[in-house]
2 protein chains.
Amino acid sequence: MEANKIPDIIIGRLPIYLRALQRMADKGMQTTSSQELGERVGISAAQIRKDISQFGEFGKQGTGYRISFLIDKLREIMKIDRIWDVAVVGAGDMGHALARYPGFVNRGFRITMVFDNDPTKVGQQIGEFTVEDTATLVERIKGAGIQVAMLTVPASAAREVTELLVKAGVKAILNYAPISLTVPEGVRVQHIDPATHLQRMTYYL
Amino acid sequence: MEANKIPDIIIGRLPIYLRALQRMADKGMQTTSSQELGERVGISAAQIRKDISQFGEFGKQGTGYRISFLIDKLREIMKIDRIWDVAVVGAGDMGHALARYPGFVNRGFRITMVFDNDPTKVGQQIGEFTVEDTATLVERIKGAGIQVAMLTVPASAAREVTELLVKAGVKAILNYAPISLTVPEGVRVQHIDPATHLQRMTYYL
């Protein structure tokens, strides 16, 4: 099985399946079906069966999926059967919210560093983190071998900081700055921009 | 032109084009080409021409697009040639960050209400907002005719609050709770969940 042969759109649905399965497991459920999972995530049962079958035979006709087994498999496929250290760059409101966000627990990520270039923020305490100077970012991230970062700086600073992150060896950037980022081959970016999400919906109003 | 005939994937790219065009305009640029725009957003020039041509003839062969004209057209198409009032439900860290987020200005949205069901938060001041009791949500939102909401409550409360929002007449929900929401026909949901975005990238690491 060639990992890079699976369409990215399928990869994008796996975290949604995993999230729903984890909620089922938290409620003590043992097994589920593609129908039941589909109703919870708003995706057809046929699509779910097709997506999951790309990676192997994880369910049984008639008995469905064993939830804990499917969770383990999905975590393995998405490489979150380990914990990824994450750096946050930008200690503004959004950086604060992310640094204190409890939703990364058990989902494969742990924030370990928070950076800002504002001298009044450097040294500040955010929860368990001390804000570090962006000037030390490349050295610190490279030294720690961190490959995942979240970017919450203003749009005007985002490209410059992205270059630093790439230089530091970061391979996955979640960008909250309202600007498109282009990155070298081998580096991935995902964008979160509430205004673009809202605009995409107002079209239909 | 039937609005609902345009594929949703194209609608999803329009806010990205608009964002880049607005940055160009801010820098004093007058015209652009699909090549130049494409480089900024990481989408091919051919794709951009094809997407934009779905809505009319907005560019000229050889001279490209007049930026201010294309911005006006895109704003009109996405119905953000007006300002949409937005309600935020959930006054935790993320609700705070959104209520104080300067990135909605000039992008078609204005937060006007913040709700929470926690008695210790109701009455609190967040920037210019006073947190209101979720118990009053349906009445308040219906009374104000608000159609757009952002949901930043815990996953365990998200479905219940969504029902309230739908009852209040909200037609577009941006959901920050880490759970899939199903809504009636005619209501749209977009999901923002940093962990799923990160998981989608770690697959490739």
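See above for the structure.
Residues numbered from 1 in each chain as written. Chains lettered and ligands numbered in written order. Predicted model: local features only at pLDDT ≥ 70, side-chain atom pairs only at ≥ 80, totals over all residues. Heavy atoms only, no water.

*Asks:* Kindly report on the pattern of salt bridges, identifying the contributing residues and their values.
*Replies:* Residues and elements named next belong to chain B. Counted by the stated rule, this structure contains 20 salt bridges over all chains. The partner of D81 in a salt bridge is R82, and the shortest N-O contact between them spans 3.2 Å. You can call D81 partly exposed: its relative accessible area is 44%. What makes R82 partly exposed here is its relative accessible area of 37%. (Salt bridge = Lys/Arg side-chain N within 4 Å of Asp/Glu carboxyl O. Buried < 20%, exposed > 50% of the residue type's maximum accessible area, 1.4 Å probe, protein only.)

*Asks:* Summarise the relation of the copies chain B and chain A; cite the residues concerned and give the values.
*Replies:* Each of the two copies of the chain can be brought onto the other by a rotation about an axis and a shift along it. Superposing chain B onto chain A takes a rotation of 180 degrees plus a shift of 0.0 Å along the axis, which leaves an RMSD of 0.0 Å. On this basis, the relationship between the two copies can be described by a two-fold rotation axis. A share of 100% of interface residues in chain B that are also interface residues in chain A marks the association as one of identical surfaces. (Least-squares fit on C-alpha atoms with pLDDT ≥ 70 in both. Contact = heavy atoms within 4.5 Å.)

*Asks:* Account for the sheet that holds strand β8 (residues 132-133) of chain A, naming residues and giving values.
*Replies:* Pairing between the strands of a sheet is mediated by backbone hydrogen bonds and can be parallel or antiparallel. Residue and element names in this part refer to chain A. Strand order across the open sheet formed by six strands is β8-β5-β4-β9-β10-β11, with parallel pairing between neighbours. What marks the edges here is a single partner per strand, and that holds for β8 and β11 (188-191). Two elements, strand β4 (residues 84-89) and strand β9 (residues 148-151), share four bridges in a ladder whose sense is parallel. Across the sheet, the residue bridging to A87 is A149, located in β9. (Pairing = 2+ DSSP bridges. Helix = DSSP H or I, 4+ residues; strand = E, 2+ residues; numbered from the N terminus.)

*Asks:* Give a detailed account of the environment of D193 of chain A, specifying residues and quantitative values.
*Replies:* Mapped onto the fold, D193 of chain A is located in the loop between β11 and α8 (194-202). In sequence terms D193 of chain A and P178 of chain A are 15 residues apart; their C-alpha atoms lie 5.8 Å from each other. With sequence-adjacent residues up to four places away left out, D193 of chain A is seen in contact with P178 of chain A together with R19, Y101 and R107 of chain B.

*Asks:* Break down the pairing of strand β9 (residues 148-151) of chain B for me, citing the residues and quoting the values.
*Replies:* Residue and element names in this part refer to chain B. On β9, burial covers both faces: V148 and M150 on one face and A149 and L151 on the other are all buried. The pairing of β9 with strand β10 (residues 172-175) spans four bridges and is parallel. Of the residues in β10, the one forming a bridge with V148 is A172. Since β9 and β10 lie parallel, the crossover through helix α7 (residues 155-167) that links them has a hand, and here it is right-handed. (Right-handed = clockwise from strand over helix to strand, strands pointing away.)

*Asks:* Which residues make up helix α4 (residues 67-77) of chain B, and what values do they have?
*Replies:* Residues and elements named next belong to chain B. Looking only at α4, the buried set comprises I67, L70, I71, L74, R75 and I77. Across the axial projection of α4, the buried residues extend over an arc of 160 degrees, all falling on one side. K79, located one to two residues past α4, shows a positive phi value of around 60 degrees. (Arc of directions from axis to C-beta.)

*Asks:* Go over α8 of chain A with me, naming the residues and quoting the values.
*Replies:* For an α-helix the count is 3.6 residues per turn, leaving residues at separations of three or four pointing the same way. Of all the nine residues making up α8 of chain A, eight are buried; the element is thus mostly covered by neighbouring parts of the structure. Among the residues making up α8 of chain A, those that are buried are P194, A195, T196, H197, L198, Q199, M201 and T202 of chain A.

*Asks:* Which residues make up the interface of chain B and chain A, and what values go with them?
*Replies:* In many analyses, interface size is given as the accessible surface area lost on bringing the parts together. Taken together, the contact between chain B and chain A spans 65 residues of the former and 65 residues of the latter. When chain B packs against chain A, the two sides together hide about 6200 Å² of surface, and 63% of this comes from carbon and sulfur. Our enumeration of links across chain B and chain A arrives at eight salt bridges. At the junction of chain B and chain A, the tally comes to 20 residue pairs in polar contact (both at pLDDT 80 or more). If you list the elements that add at least two residues to the side of chain B that touches chain A, you get α1 (8-26), α2 (34-41), α5 (93-99), β9, α7, β10, β11 (188-191) and α8 (194-202) of chain B. (Buried area = accessible area lost by both parts, 1.4 Å probe. Polar contact = N/O pair within 3.5 Å; in protein donor to acceptor, adjacent residues only side chain to side chain.)

*Asks:* Can you lay out the sheet that holds strand β1 (residues 31-32) of chain B for me, pointing to particular residues and giving the numbers?
*Replies:* All names here are of chain B. Across the sheet, three strands lie side by side as β1-β3-β2; this open sheet has antiparallel pairing. Lying at the two open borders of the sheet, with one neighbouring strand each, are β1 and β2 (59-60). Where β1 meets strand β3 (residues 64-66), two bridges bridge the pair, whose relative direction is antiparallel. Looking across to β3, one finds that T31 is bridged to R66. Packing against the sheet, α4 makes contact with β1 and β3, and its axis sits at approximately 75 degrees to β3. (Axes fitted to C-alpha atoms, helices over the stretch in contact; angles between N-to-C directions.)

*Asks:* Talk me through the packing of helix α1 (residues 8-26) of chain A against helix α2 (residues 34-41) of chain A; I want residue IDs and the actual numbers.
*Replies:* Residues and elements named next belong to chain A. At a closest axis distance of 10 Å, the pairing of α1 and α2 adopts a crossing angle of 105 degrees. In terms of orientation, α1 lies roughly perpendicular with respect to α2. Listed contacts from α2 to I16, Y17, A20, L21 and M24 of α1 are E36, L37, R40 and V41. Class assignment of the residues belonging to the contact of α1 with α2 gives a composition of seven nonpolar, no polar and two charged. (Parallel < 35°, antiparallel > 145°, perpendicular 65-115°, else oblique. Nonpolar A, V, L, I, M, F, W, Y, C, P; charged D, E, K, R; others polar.)

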